Amino acid sequence: MRDYERYIRYRTFPTPWCPGCGDGTILKSIAMAFAELKYDADDIVVVAGIGCSGRIPTFFNTNTLHTTHGRALTFATGIKLAQPDKHVIVISGDGDALAIGGNHLIHAARRNIGIKMILINNGIYGMTGGQVSPLTPQKFFTETTPYGNIEPRFDVVDLLVAAKASFVARETVNRLIPLKQVIKKSFQHRGFSVVEVISNCHINLGRKNRMKNPIDMTRWIATKTVTQPEYDKLDPEARRHKYPVGVFVEDKERLEYTDLYYQHIVPAAKAEAEREAARRAGRKK
Amino acid sequence: MIKRQVLQGNIIVAKAAIDAKCDFFAGYPITPSSEIAQYMSRELPKLGKDFIQMEDEIASLGACIGAALSGRKVLTATSGPGFSLMQEHLGMAVMAEIPLVIVNVMRGGPSTGMPTKPSQADIMQARWGTHGDHPIIALYPAFAEQLYFETIRAFNLSEKFWNPVIILLDEVIAKAHEDLTIPRKKDISVYWEKTKKIEDLNIYDRKIGQNPPRVDFFKGYPIHIDGLEHDKHGWPTTDPDTVQKMQTLRMQKIYHYLDEIVKFEEYEMDDAEIMLFSFGVSARSALAAVEMARAEGIRAGLFQALTIWPFPKKALAERFRRVKKVLTVELNMGQAKYEIERVAPDDVDKRALLRANGVPFTPAEVLAAIKEFPR
């Protein structure tokens, strides 16, 4: 048994994913990051919403919580506040995190609460059978855009930078080792972190856009992937069609939410309680 | 020394929650329940505990479930529109069997309705608001002392049955300042069976009718909690036998313990010929009307439901063996009256005093309705 396998709950196998799906790669890279950081499995909780990505927690041999569509971050917020010392991981898909859960995403980023989010971007609603998502590229065909998608997609990194997230990174499922490294790095960050992982859904997105097998689709992802220095050299028009990878924001100065709560709110409230008690004692005399 | 205080209804509930050892509150501002959140934001940090204002009511209940799974006793408070948003996670809490308490200070509806006016129109939403078959407990206090003790009871029931408990409050009661004799610590009994060490995944493994032990994360053995239908290990399943068993388990953990959960108060019921059935602010008007009727020689009595869900069917059925006239008094277009119609036999004269204009009944109005029964 390899080191990371103790974080895998084999009892719940097989997985529900299509052959060639990127979710398996992500499952493995997260488990590898756990192993390298030597986390105690019972100190971890993996929370997810609904969709193909939502089924990932079942396969971790850690505490796991499968919640409602788009709301995993809200549950994670409650857990992190109640147990600030635990490792709270959220796995979310693009529809989950940016459509139905968009509000929770920007507020978690704004609060800088120490949740580690893995945002799997396959550009489609996979589990429901291939409908357009807020991250589907323009002009792509899906089950609900039979004439091509006219809506522009969100840039997750730009969105989260604007929402003041303190750690933002992007990787792709094509690059397992850099993916594992960046996930590990995000786990070591104290505040809110998001790693956007570009993944392949050849079944539901690829099939309708001339990339019906996983090799075609991962090749397409590879052509879209550029490093940050390469990206900086591109003109604005060319940038629109590329996914730069790497760590974009890493703000270690900003205090994490639960740290702030226990350093600022609780002492202030306790001082107020003491003043109240003194006032009461004064009145009695 | 007996300590008395004049307190707002909302504050009585919040105070009782803290006395019931509530140590986590996540909420979103909404009239007329905001005072509960305000009180908790002031008081919980004094105890080193957590308060958070979330981005909406869905998130509030989500955070509450997360905290409840991390060993906390949680409360949230809202009103109609927020309660509508919470239905999604209310279902999740029922499915995953999470103990938590939701206060719904009802206001005029539907939609934004009348934020500052009372209504008793969320009774059916409390029962059937979230989709799917589900057990629910809803309490409905009316007097200051009931507000306090029913809040404590709500926490105890949620802990014991591993189920969300809803406290329904009327806007006028929540906003009114009333005299309360602060109960002493020894007069309160708080049920809280802390999670023992977990040693296996079979957290939902129990017999039908058995009430479950509390299960939390981080108790020595990693567990899985799911909003999907699950088996005894918490793992998703669609196996018909397992699903049917889990549905029955969830329903029966409440319906096996009705005598413990269902609570009501009776006034002048011993020799009553006319029974008033009411709750909340309407019960207060009804009680005054009963006294007025008695003064005039009319033998009226009041049955005040403190537990509205599960409905006090058994107790009412017993009353209907003798009492053949019933008047349901409620501030809505008719909700509890349908439940009364289901319980009362055909020979009972069933009437209802209904209104949904944001104005509570006066005792005189209730008395007039009593007098309409043929003598």
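Residues numbered from 1 in each chain as written. Chains lettered and ligands numbered in written order. Predicted model: local features only at pLDDT ≥ 70, side-chain atom pairs only at ≥ 80, totals over all residues.

Draft legend 1. Highlighting the overall build of chain A. Tallying secondary structure elements over chain A gives 11 helices and 10 strands in all. For 285 residues, the compact-globule formula gives about 19 Å, and the C-alpha radius of gyration of chain A, at 21 Å, lands near that figure. Referenced to the eigenvectors of the C-alpha coordinate spread, the extents of chain A come out at roughly 85 × 45 × 35 Å. Here chain A holds 285 residues, and 47% of them are scored as buried. A separation threshold of at least 6 residues defines the contact pool for chain A, and within that pool the share at least 24 residues apart is 66%. (Helix = DSSP H or I, 4+ residues; strand = E, 2+ residues; numbered from the N terminus. Rg over C-alpha atoms; globule rule 2.2 N^0.38 Å. Buried ≥ 20, exposed ≤ 12 C-beta atoms within 10 Å, placed from the backbone. Contact = placed C-beta atoms within 7 Å.)

Draft legend 2. Region of interest: the sheet that holds strand β1 (residues 44-48) of chain A. Spatial ordering of the open sheet is given by β9(A)-β10(A)-β7(A)-β8(A)-β4(A)-β3(A)-β1(A)-β2(A)-β9(B), a layout of nine strands whose pairing is mixed. Whereas interior strands pair on both sides, the edge strands pair on one side only; in this sheet they are β9 (225-227) of chain A together with β9 (224-226) of chain B. The mean angle between the axes of side-by-side strands here comes to 20 degrees, regardless of whether they run parallel or antiparallel. As paired elements, strand β3 (residues 87-93) of chain A and strand β4 (residues 115-121) of chain A share six bridges and run parallel to each other. Looking at β4 of chain A, one finds that Val-90 of chain A is bridged to Met-117 of chain A. Strands in contact with helix α2 (residues 72-82) of chain A are β1, β2 (63-66), β3 and β4 of chain A; relative to β3 of chain A, the strand with the most contacts, it is inclined by about 175 degrees. Relative to strand β7 (residues 167-172) of chain A, helix α6 (residues 176-188) of chain A is tilted by about 165 degrees, and along the sheet it contacts β3, β4, β7, β8 (193-198) and β10 (243-250) of chain A. (Pairing = 2+ DSSP bridges. Axes fitted to C-alpha atoms, helices over the stretch in contact; angles between N-to-C directions.)

Draft legend 3. View of the domain arrangement of chain A. Residue and element names in this part refer to chain A. The domain architecture assigned to chain A consists of domain 1 (3-254) and domain 2 (255-285). Across the boundary between the two partners, domain 1 contributes 10 residues, which contact four residues of domain 2. Of the residues assigned to the side of domain 1 that touches domain 2, the class counts are three nonpolar, three polar and four charged. (Domains from an automatic or database assignment. Nonpolar A, V, L, I, M, F, W, Y, C, P; charged D, E, K, R; others polar.)

Draft legend 4. A look at the sheet that holds strand β10 (residues 264-267) of chain B. Residue and element names in this part refer to chain B. Spatially, five strands are ordered β10-β12-β11-β14-β15 in an open sheet, and the strand pairing comes out mixed. Taken across any chain shown, the strands that pair with only one partner, and hence form the sheet edges, are β10 and β15 (349-354). Taken over all neighbouring pairs, the strand axes of this sheet differ in orientation by 20 degrees on average, direction set aside. Taken together, the five bridges between strand β11 (residues 274-278) and strand β12 (residues 300-305) define a ladder with parallel strand orientation. Bridge pairing in β12 links Leu-276 to Leu-302. Across the sheet, helix α10 (residues 280-295) touches β10, β11, β12 and β14 (325-330), and the angle it forms with β12 is around 165 degrees. Running at roughly 155 degrees to β14, helix α13 (residues 363-371) makes contact with β11, β12, β14 and β15 of the sheet.

Draft legend 5. Here's a closer look at the interface of chain A and chain B. Across the contact, 34 residues belong to chain A and 38 residues belong to chain B. Looking at the side of chain A that touches chain B, the elements that each hand over two or more residues are β2, α2, α4 (102-111) and α11 (257-284) of chain A. Here the side of chain A that touches chain B is composed, by residue class, of 12 nonpolar, 16 polar and six charged. Across three bridges, the pairing between β2 of chain A and β9 of chain B is parallel.

Draft legend 6. Molecular detail of the domain arrangement of chain B. Residue and element names in this part refer to chain B. If you check the domain split of chain B, you get domain 1 (4-187) and domain 2 (264-371). In this structure, domain 1 and domain 2 have C-alpha centres spaced 26 Å apart. The interface of domain 1 with domain 2 comprises 24 residues on the first partner and 20 residues on the second. Breaking the side of domain 1 that touches domain 2 down by element, the ones donating at least two residues are α5 (123-128), β6 (137-139), α6 (144-161), β7 (164-170) and α7 (171-175). Ranked by residue count, the leading element in the side of domain 1 that touches domain 2 is α5, at four residues. Class assignment of the residues belonging to the side of domain 1 that touches domain 2 gives a composition of 16 nonpolar, four polar and four charged.

Draft legend 7. Just helix α12 (residues 336-343) of chain B, in detail. Residue and element names in this part refer to chain B. Those residues of α12 lying buried are Ala-336, Lys-337, Glu-339 and Ile-340. Viewed along the axis of α12, the buried residues span an arc of 155 degrees, placing them on a single side of the element. Across α12 from its buried face, at more than 90 degrees, point the exposed residues Tyr-338 and Arg-342. Looking at the buried residues of α12, the elements they touch are α5, β11, β14 and β15. (Arc of directions from axis to C-beta.)

Draft legend 8. Layout of the environment of Lys-207 of chain B. All names here are of chain B. By secondary structure assignment, the location of Lys-207 is in the loop between β8 (177-181) and β9. Residue class for Lys-207 comes out exposed when judged on the 7 C-beta atoms lying within 10 Å of it. Once the C-alpha coordinates of Lys-207 and Trp-235 are considered, the two residues, 28 residues apart in sequence, prove to be 18 Å apart.

Draft legend 9. Layout of the nonpolar core. One finds Val-47, Val-90 and Ile-118 of chain A together with Cys-64, Ile-65 and Leu-276 of chain B to be the most contacted residues of the largest nonpolar core, which totals 178 residues. Residues in contact with Val-90 of chain A, not counting those within four places in the same chain, are Val-47, Ala-48, Ala-72, Leu-73, Ala-76, Ile-115 and Met-117 of chain A. Membership of the second largest hydrophobic core comes to five residues, among which are Tyr-125, Cys-201, Ile-203 and Leu-205 of chain A. (Core = buried A, V, L, I, M, F, W, Y, C linked by C-beta atoms within 7 Å.)

Draft legend 10. Up close: the environment of Glu-171 of chain B. All names here are of chain B. Turning to its location among the elements, Glu-171 is positioned in helix α7. In the structure, Glu-171 is positioned 92 residues away from Ser-79 in sequence and 9.2 Å away in space, judged by C-alpha atoms. Apart from the residues within four sequence positions on either side, Glu-171 is in contact with Pro-32, Val-105, Met-106, Arg-107, Lys-117 and Pro-118.

Draft legend 11. A look at the environment of Ile-215 of chain A. Residues and elements named next belong to chain A. Inspection of the secondary structure puts Ile-215 in helix α8 (residues 214-224). Since 11 C-beta atoms lie within 10 Å of it, Ile-215 is described here as exposed. Sequence separation between Ile-215 and Asp-232 is 17 residues, and the spatial gap between their C-alpha atoms is 28 Å.

Draft legend 12. Quick look at the pairing of β14 of chain B. All names here are of chain B. Among the six residues of β14, five are classified as buried, and the element is accordingly described as predominantly covered. Judged from the five bridges that link them, β11 and β14 form a sheet pairing that is parallel. Considered in β14, the bridge of Leu-276 is made with Leu-327. Handedness of the β14-α12-β15 crossover: right-handed. (Right-handed = clockwise from strand over helix to strand, strands pointing away.)

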